[in-house]
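# Coordinate analysis (summary)
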Amino acid sequence: MTQDTIERPRRINNPQAMRTRILDVAADLFQRNGYNATSVHDVVRGAATTGGALHHHFATKKTLGLAVIAERVAKEVDETAIQPIMTATSAAAGIRAVFTGVADTLERNRAVSGCPLNNLALELSLADTDFREAVNTVFDRWRSALSLRLRADRPDLDASRAHDLATLVVASYSGAMAMAKASQSAEPLRACAKQLETLLGS
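Residues numbered from 1 in each chain as written. Predicted model: local features only at pLDDT ≥ 70, side-chain atom pairs only at ≥ 80, totals over all residues. Heavy atoms only, no water.

## Some words on the UniProt feature "DNA-binding region" (unreviewed entry) in the chain
Quick reminder of the rule: UniProt positions are given in the numbering used here, feature names are shortened, and annotations may be inferred rather than shown by experiment. For the purposes of this entry, the term helix denotes a DSSP run of H or I that reaches at least four residues, the term strand denotes a run of E that reaches at least two, and both are numbered from the N terminus.
UniProt records the feature "DNA-binding region" (unreviewed entry) at residues 39-58, using the numbering of this structure. Secondary structure across residues 39-58 divides into 70% helix and 0% strand, with the first and last C-alpha atoms of the span separated by 14 Å.

The following block contains the structure:
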């Protein structure tokens, strides 16, 4: 047995693991380069797989893109921007923690690539109805969760007012991330965090 044979990893037939790897690679490439600038070949190469394996799980690039939104972008929004607020001592405290936490991470990384949801919304919403609906579904889930938390903290808020405040928070985050990407600075996030804290109370 040669040395090359010893070091070559054993190929394991694990379709679910392959699907997961393709999604992870595609999500990373779409975030760094954009959906339109990323080719299927880029994903195949990054996932160290074959075109046939990719098409077994995702018939088209569009199918892959929609899966990234539903299974990766939505999950990141939930973990980064929804759950920290739902589990905080108050909605205001959770919102402050989300904005400042993301700002801290951007400063540690010394680079701002933007919000994955916002990036895809700006790139794809006008180009394709299915993408627009997929992105909007994530935004709607985000706003609905924030609205419920705001009403839980402040029973005096009616549903319409809570929805409007939730929209303001989501729009502030999305806009701040766009500005942070353009300026390569976390300052817009910190500024929005400060003003939202004043508006919502501690």
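Read on, since the account is not over.
## Overview of the packing of aromatic side chains
Stated formally: In summary, the pairing rule links any two rings of Phe, Tyr or Trp, Trp by its six-membered ring, whose centres are within 6.5 Å, and it sorts them by plane angle into stacked for under 30 degrees, edge-to-face for over 60 and tilted for everything else. Throughout, exposure labels follow a simple rule: accessible area from a 1.4 Å probe, protein chains only, divided by the maximum for the residue type, with under 20% read as buried, over 50% as exposed, and the rest as partly exposed.
Going through the model one piece at a time under the given rule, you end up with five aromatic pairs. The interplanar angle of 65° and the centroid separation of 5.1 Å between the aromatic rings of Tyr 35 and Phe 131 together place this pair among those described as edge-to-face. In this pair, Tyr 35 is assigned in the loop between helix H2 (15-33) and helix H3 (40-46) and Phe 131 in helix H8 (residues 129-153), connecting sequence segments 96 residues apart. Of the two residues, Tyr 35 and Phe 131, both sit in the buried class. Taken together, the ring pairs in this structure connect Phe 99, Phe 139, Trp 142 and Tyr 173 into an aromatic cluster.

## What to know about H2
Definition in use: In a helix, the anticipated span is given by 1.5 Å times the number of residues less one. Throughout, a residue-residue contact means that at least one pair of heavy atoms, one from each residue, lies within 4.5 Å.
Its 19 residues place the ends of H2 26 Å apart at the C-alpha level, agreeing with the 27 Å of an ideal helix rising 1.5 Å per residue. Tucked into the core, H2 has its buried residues touching H3, helix H4 (51-57), helix H5 (61-86) and helix H7 (116-124). Count one or two residues on from H2 and you reach Gly 34, which has phi positive near 95°.

## Overview of the packing of H5 against H7
Between two packed helices, both the angle of their axes relative to each other and the distance between the axes serve to describe the pair. The condition is simple: Axis geometry follows a simple rule: fit a line to the C-alpha atoms, using only the stretch in contact for helices, then measure angles between N-to-C directions, giving values from 0 to 180 degrees. For classification purposes, angles smaller than 35 degrees are called roughly parallel, those larger than 145 roughly antiparallel, those between 65 and 115 roughly perpendicular, and all remaining angles oblique. Gly falls in the polar group here, along with every residue not listed as nonpolar (Ala, Val, Leu, Ile, Met, Phe, Trp, Tyr, Cys, Pro) or charged (Asp, Glu, Lys, Arg).
Where H5 meets H7, the closest approach of the two axes is 9 Å, and the angle between their N-to-C directions is 130°. Accordingly, the angle class assigned to the pair H5 and H7 is oblique. Along the contact surface, H5 presents Ile 69, Val 73, Glu 76 and Val 77, while H7 presents Pro 116, Leu 117 and Leu 120. Classifying every residue of the contact of H5 with H7 gives six nonpolar, no polar and one charged.

## Considerations on the state of the cysteines
Cysteine pairs can be covalently joined through their sulfur atoms, and such a bond is termed a disulfide. The criterion, for reference: Any two cysteine sulfur atoms lying within 2.5 Å of each other are counted as a disulfide.
Counted under the stated rule, the structure contains zero disulfides. Unpaired in this structure, Cys 192 has its nearest cysteine sulfur neighbour in Cys 115, at a distance of 13 Å. Relative accessible area serves as the criterion here: at 23%, Cys 192 is assigned to the partly exposed category.

## Points about unusual backbone geometry
A positive phi angle, close to 55°, is found at Ala 48, a residue other than glycine. Relative to the assigned elements, Ala 48 resides in the loop between H3 and H4. Judged by its relative accessible area of 63%, Ala 48 falls in the exposed class.

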